[in-house]
Amino acid sequence: MTTITLAGSPIEVDAEGFLLDAQQWNAQIAEEIARENAIEQLTDRHWQVVNFMRDTYLETGSAPSIRSLGKTSGVPIKELYELFPKGPAKLAAKIGGIPKPRGCI
Amino acid sequence: MSDTTIEKVSIIISKGSLEGIYPGLIMANGARMEGIEANLFFTFFGLDAINKAKHEHVKVATVGNPGLHLATWAGGVPGISSLVTHQLAGEMEKLDIPPIPEFVEMIADSGAGLYACKASGDLFKLSRDDFIPQVKDTITVGEFYALAGGGQIIFT
């Protein structure tokens, strides 16, 4: 566990930079994490995925699989990878301030 | 965690049973999920995974499969392979693991390259039209090695 400064506030993150407390998150933090991960600007489509990941996690306690992300987020798999080339589920979770998804699918 | 990261994998799928195909697909999908570049090379009976006529009918091998812990004679009972496959498919759906045709399409959409083995295609008299449209090309072993350059090769 380390504490880093994001959007001017001290935030606790794990070794890979995922927020440890989803409640510390806000939109500015999301923008900053995105920039650090080579996404210069979060578009509406990025937000659609990030919000879906976050909402699903907060509701169910686990992040959706890439399959259900493709089926139910409203953003198809191909576009997910265009938006988040370094891994849609992983990156959207990081930007959305929730733990890294642990599923294999 | 290791200091060095894997940037690219090329995965060979050589078997045509359900349990022979899924591991390679899961490895490929998992690679893309981590942002790792991935290629899939289908050879021998592994071609069934991209064969339009067969990819929906891939079954668990119930004969000669000690992992199932079935009596040897029971493995050969007519219909047992379909039954075991059906049960497993139900369990997989619960875990959000897609059926093979959907899974292969998903992996192609994720940006992984799908390739058929030329020697196997010749052997089984399969051509471009027999494969799903997501297959990029039919390639030789040499071309596969060229594609795999700079990455890891995983044989399944």
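These numbers were taken from a predicted model, which means no experiment stands behind them. Positions within a chain are numbered from 1, following the residues in the order the chain's sequence is written. Whichever chain is written first is A, and whichever ligand is written first is 1; the rest continue in order. The predicted origin of the model limits local features to residues at a pLDDT of at least 70 and limits the giving and counting of side-chain atom pairs to 80 or more, whereas totals for whole chains, interfaces and linings rest on all residues.

Draft legend 1. A look at the overall build of chain A. Helix and strand counts for chain A come out as 5 helices and 2 strands. Working definition: helices are DSSP H or I runs of at least four residues, strands are E runs of at least two. Numbering for both runs from the N terminus. Secondary structure of chain A in N-to-C order comes out as β-β-α-α-α-α-α. With C-beta atoms placed from the backbone, a residue is labelled by how many other C-beta atoms lie within 10 Å of its own: buried for 20 or more, exposed for 12 or fewer, partly exposed between the two. Scored against the burial criterion, the 105 residues of chain A give a buried share of 36%. By the convention adopted here, residues are in contact when the distance between their C-beta atoms, placed from the backbone, does not exceed 7 Å. Pairs at least 24 residues apart make up 53% of the contacts formed inside chain A by residues separated by at least 6 positions.

Draft legend 2. Seen up close, the sheet that holds strand β2 (residues 37-42) of chain B. All names here are of chain B. Strand pairing is defined by DSSP finding a minimum of two bridges between the two strands. The sheet built from 5 strands is open, its strands ordered β4-β3-β2-β1-β5 with parallel pairing. Edge positions in the open sheet fall to β4 (137-139) and β5 (152-155), since each of these has one partner strand only. Taken pair by pair, the neighbouring strands of this sheet meet at an average axis angle of 30 degrees, ignoring direction. Where strand β1 (residues 8-13) meets β2, 6 bridges bridge the pair, whose relative direction is parallel. Each residue of the ladder has a partner; that of Ile13, found in β2, is Phe42. Only C-alpha atoms enter the line fits that serve as axes; for helices the fit covers just the stretch in contact. Angles between N-to-C directions range over 0 to 180 degrees. Where helix α1 (residues 18-33) meets the sheet, its contacts fall on β1, β2 and β5, and the angle it forms with β1 comes to roughly 165 degrees. Taken strand by strand, helix α6 (residues 141-148) contacts β1, β2, β3 (113-117), β4 and β5, and its axis lies near 165 degrees from that of β2.

Draft legend 3. View of the packing of helix α2 (residues 44-60) of chain A against helix α5 (residues 88-95) of chain A. Residue and element names in this part refer to chain A. Two elements in contact, α2 and α5, have axes separated by 9 Å at closest approach and are oriented at 80 degrees. By the angle class used here, α2 and α5 are roughly perpendicular. Here Val49, Val50 and Met53 of α2 lie close against α5, whose contacting residues are Pro88, Ala92, Ala93 and Ile95. Residues were grouped as follows: Ala, Val, Leu, Ile, Met, Phe, Trp, Tyr, Cys and Pro as nonpolar; Asp, Glu, Lys and Arg as charged; and all remaining residues, including Gly, as polar. For the contact of α2 with α5, the per-class residue count stands at 7 nonpolar, no polar and no charged. Just so you know how the angles are binned, under 35 degrees is roughly parallel, over 145 roughly antiparallel, 65 to 115 roughly perpendicular, and the rest oblique.

Draft legend 4. Spatial organisation of the environment of B:Phe41. Residue and element names in this part refer to chain B. Relative to the helices and strands, Phe41 is located in strand β2. Along the primary structure Phe41 and Ile139 are separated by 98 residues, whereas in three dimensions their C-alpha atoms are 8.8 Å apart. Ignoring any residue separated from it by four or fewer positions in sequence, one finds Phe41 in contact with Ser10, Ile12, Tyr115, Cys117 and Phe144.

Draft legend 5. Structural detail: the environment of B:Pro23. Position of B:Pro23 among the secondary structure elements: in helix α1. Residues B:Pro23 and B:Ile11, 12 residues apart in the sequence, show an inter-C-alpha distance of 10.0 Å.

Draft legend 6. Spatial organisation of the pairing of strand β2 (residues 9-13) of chain A. Both strand β1 (residues 2-6) of chain A and β2(A) contribute to a ladder of 5 bridges, which runs antiparallel. Residue pairing for β2(A): A:Ile4 is matched across the bridge by A:Ile11.

Draft legend 7. Here's a closer look at the nonpolar core. Residues A:Ala92, B:Leu40, B:Phe42, B:Ile50 and B:Ile107 are the most contacted members of the largest nonpolar core, which totals 60 residues. Sort the elements by how many residues they give to this core and α1(B) lands first, with 7 residues. In contact with B:Phe42, not counting residues within four places along its chain, are B:Ile13, B:Leu47, B:Ala49, B:Ile50, B:Ala116 and B:Cys117. Linking buried Ala, Val, Leu, Ile, Met, Phe, Trp, Tyr and Cys residues through C-beta atoms within 7 Å yields a set, and such a set is a nonpolar core.

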